[in-house]
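Inside the fold
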Amino acid sequence: KETRIIITCRDHILKRLEALGALGKAVEQRPLHIGPLSRQDVEKGLNRYFHKPPKYLVELARTPLLYEMIRRAWANGDKLIATGPERTRLEEAWFEIMLHESGYRKADLTNLGAIAGRMLQNRCDLIELKSLPKPVDLGPMIQKLMEGKYVLFTDESTGVYSFSHQ
């Protein structure tokens, strides 16, 4: 019987896993790279949420992760559209919307940044609560961001969480 294993991840993570030898030596490895979504499909999908979405929003949404972010935050479409064509501003606006709807303020974006910064520093999408900077206890924030419309973290084991965009 033939065994098949499918591993999904983003490009930079795939390269890291390959470099570490973590994927083994499968004889028939066949990476399938998923490119941008088609402009027509994205425009059709966004038309369900926005009346005539701006061209730059359609272009940004061709990246599957950004399409999902925009789709989830459609009720705040005016804020997303106001960001303009810059991807960084769109992502920042999305995080602000997500935090606000989870009961946090814009100032809490700094705390989320501390978590993201530690993950980047460790080059890992897992974060241990004990590794986070003090004096702010970020555990309750992570716990709350595991619920609701904008699930941002997943509980992997006691005190260890993964960033769920993967």
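What counts as what
Residues numbered from 1 in each chain as written. Predicted model: local features only at pLDDT ≥ 70, side-chain atom pairs only at ≥ 80, totals over all residues. Heavy atoms only, no water. Salt bridge = Lys/Arg side-chain N within 4 Å of Asp/Glu carboxyl O. Buried < 20%, exposed > 50% of the residue type's maximum accessible area, 1.4 Å probe, protein only. Phe/Tyr/Trp six-rings, centres within 6.5 Å; stacked < 30°, edge-to-face > 60°. Lys NZ or Arg CZ within 6 Å of the ring centre and 35° of its normal. Helix = DSSP H or I, 4+ residues; strand = E, 2+ residues; numbered from the N terminus. Expected span 1.5 Å × (residues − 1). Arc of directions from axis to C-beta. Contact = heavy atoms within 4.5 Å. Axes fitted to C-alpha atoms, helices over the stretch in contact; angles between N-to-C directions. Parallel < 35°, antiparallel > 145°, perpendicular 65-115°, else oblique. Left-handed = near helix turned anticlockwise from the far one by under 90°. Nonpolar A, V, L, I, M, F, W, Y, C, P; charged D, E, K, R; others polar.

Some details on the pattern of salt bridges
Applying the stated criterion across every chain yields a total of seven salt bridges. In this structure, R62 and E59 form a salt bridge, with 3.5 Å as the shortest nitrogen-oxygen distance. Residues K130 and E128 are paired through a salt bridge, measuring 3.8 Å at the closest nitrogen-oxygen approach. The class of K130 is exposed, set by a relative accessible area of 70%. A relative accessible area of 38% means that E128 is categorised as partly exposed. One network of salt bridges, in which partners are shared, links R39, E59 and R62.

A few points about the packing of aromatic side chains
In this structure the tally under the stated criterion is two aromatic pairs. Residues W94 and F95 carry aromatic rings whose centres are separated by 5.1 Å and whose planes lie at 75 degrees to one another, so their mutual orientation is edge-to-face. What makes W94 buried here is its relative accessible area of 7%. Over the ring of Y104 we find K144; its NZ or CZ atom is 5.6 Å from the centre of that ring.

Some thoughts on helix α7 (residues 109-122)
Every α-helix carries 3.6 residues per turn, so stepping three or four residues along brings you back to the same face. Taking 1.5 Å as the rise per residue, α7 with 14 residues should run 20 Å; its terminal C-alpha atoms sit 20 Å apart, in good agreement. Considered for burial, the residues of α7 that qualify are N111, L112, I115 and M119. Around the axis of α7, the buried residues are gathered within 105 degrees of arc, so they sit on the same side. With respect to the buried face of α7, the exposed residues turned more than 90 degrees away are T110, L120 and Q121. For α7, the elements touching its buried residues are α6 (87-101), β1 (126-128), α8 (139-144), β2 (153-157) and β3 (160-163). With its phi angle positive at about 50 degrees, R123 sits one or two positions after the end of α7.

Digging into the packing of helix α4 (residues 64-72) against α6
Remark: α4 packs on α6, axes separated minimally by 10 Å, with the N-to-C direction vectors making an angle of 45 degrees. By the criterion of interaxial angle, the relationship of α4 to α6 is oblique. In this structure, the crossing between α4 and α6 has a hand that is left-handed. Where α4 approaches α6, its residues L66, M69 and I70 are matched on the opposing element by R87, L90, E91 and W94. Tallied by class, the residues present in the contact of α4 with α6 amount to five nonpolar, no polar and two charged.

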